[in-house]
Amino acid sequence: MHPIDLSEAQSRRWDVLVAGSSFAAVFFAHRLPPELNVLFVEKGTFNSHAAQVQSGWPWPSKENIAQRNSTPRAKHWVAYTTFGGNSNYWWGDSPRLHPDDFRTRSRFGIAEDWPLTYDELEPYYVEAE
């Protein structure tokens, strides 16, 4: 991925348009066939790694997003608008679910069992990691 100017983007034919350049967007695009022309559209600015390190955190384009929910406790999310999205702040800490998490009804009599097992999901954990 590399930034292009608007005139170049408008002059080409694109097969897929992806809104945002976050980890999730890139992970999705990674599965697309390589012969497709993919355009990522990002509302944030591109900051080189050196500029990010020099400026420190938090970056200036920060927005708080309120979430309506069913509990009395307010939930607020912070989003950083920049190339790469909030994945710039992700430390790579995504622990796996435990096999028992997929069968809470069977094992503990609460909630519902998942429609898939840990063993079915495990290859995707490996690929993502």
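Everything here concerns the structure above.
Residues numbered from 1 in each chain as written. Predicted model: local features only at pLDDT ≥ 70, side-chain atom pairs only at ≥ 80, totals over all residues. Heavy atoms only, no water.

A.B. asks: Would you mind going over the overall build of the protein chain with me for this structure?
C.D. replies: Across its full length, the protein chain holds five helices and four strands. When the helices and strands of the protein chain are listed from N to C terminus, the series reads α-β-α-β-α-β-β-α-α. Residues counted as buried form 18% of the 129 residues belonging to the protein chain. Element-wise, carbon and sulfur atoms account for 57% of the exposed surface of the protein chain, whose accessible area totals about 10,200 Å². (Helix = DSSP H or I, 4+ residues; strand = E, 2+ residues; numbered from the N terminus. Buried < 20%, exposed > 50% of the residue type's maximum accessible area, 1.4 Å probe, protein only. Areas by Shrake-Rupley, 256 points an atom, 1.4 Å probe, with all protein chains shown as cover.)

A.B. asks: So what exactly am I meant to see when it comes to the side chain of aspartate 100 here?
C.D. replies: Here aspartate 100 lies in the loop between β4 (75-80) and α4 (104-108). Of note is the side chain of aspartate 100, whose polar atom sits 3.1 Å from the side chain of arginine 107. Ignoring any residue separated from it by four or fewer positions in sequence, one finds aspartate 100 in contact with Arg107 and Phe108. (Polar contact = N/O pair within 3.5 Å; in protein donor to acceptor, adjacent residues only side chain to side chain. Contact = heavy atoms within 4.5 Å.)

A.B. asks: I tried to follow the packing of aromatic side chains on my own but got confused; where do I start?
C.D. replies: Think of a pair of aromatic rings as described by two things: how far the centres are apart, and how the planes are tilted against each other in angle. In this structure the tally under the stated criterion is three aromatic pairs. Judged by centre distance (6.0 Å) and plane angle (75°), the ring pair of phenylalanine 102 and tyrosine 118 falls under edge-to-face. Here tyrosine 118 lies in helix α5 (residues 118-128) and phenylalanine 102 lies in the loop between β4 and α4, a separation of 16 residues in the sequence. Neither phenylalanine 102 nor tyrosine 118 differs from the other in exposure class; each is buried. Between tyrosine 118 and tyrosine 125, the aromatic rings sit 5.9 Å apart at their centres with planes inclined by 40°, giving tilted as the arrangement. (Phe/Tyr/Trp six-rings, centres within 6.5 Å; stacked < 30°, edge-to-face > 60°.)

A.B. asks: How do you make sense of the pattern of salt bridges when you look at a structure like this?
C.D. replies: Side-chain pairs of opposite charge can arise whenever the charged atoms involved come near each other. A full pass over the atoms with the stated rule returns six salt bridges. Residues arginine 13 and aspartate 15 are paired through a salt bridge, measuring 2.9 Å at the closest nitrogen-oxygen approach. The salt bridge partner of arginine 96 is glutamate 122, with a shortest N-O separation of 3.3 Å. With arginine 96 in the loop between β4 and α4 and glutamate 122 in helix α5, this pair connects stretches of sequence that are 26 residues apart. Of the residues examined, arginine 96 reaches a relative accessible area of 29% and is grouped as partly exposed. Under the relative-accessibility criterion, glutamate 122 is labelled partly exposed at 27%. (Salt bridge = Lys/Arg side-chain N within 4 Å of Asp/Glu carboxyl O.)

A.B. asks: What's the story with the pairing of strand β2 (residues 38-41) in this structure? I'm lost.
C.D. replies: Along any regular strand, the residues point their side chains to alternate faces of the sheet. Across four bridges, strand β1 (residues 16-19) lies against β2 in parallel orientation. Paired with valine 18 across the bridge in β2 is phenylalanine 40. Running through helix α2 (residues 23-30), the crossover from β1 to the neighbouring parallel element β2 is right-handed. (Pairing = 2+ DSSP bridges. Right-handed = clockwise from strand over helix to strand, strands pointing away.)

A.B. asks: In this structure, what is going on with the side chain of serine 21? I would like to understand it.
C.D. replies: Tracing the sequence through the fold places serine 21 in the loop between β1 and α2. A polar atom in the side chain of serine 21 sits 2.6 Å from the side chain of glutamate 42.

A.B. asks: Any chance you could explain the environment of arginine 31 here in plain terms?
C.D. replies: Along the chain, arginine 31 falls in the loop between α2 and β2. Residue arginine 31 is classed as exposed on the basis of its relative accessible area, which comes to 53%. Of note is the side chain of arginine 31, whose polar atom sits 2.8 Å from the side chain of glutamate 127.

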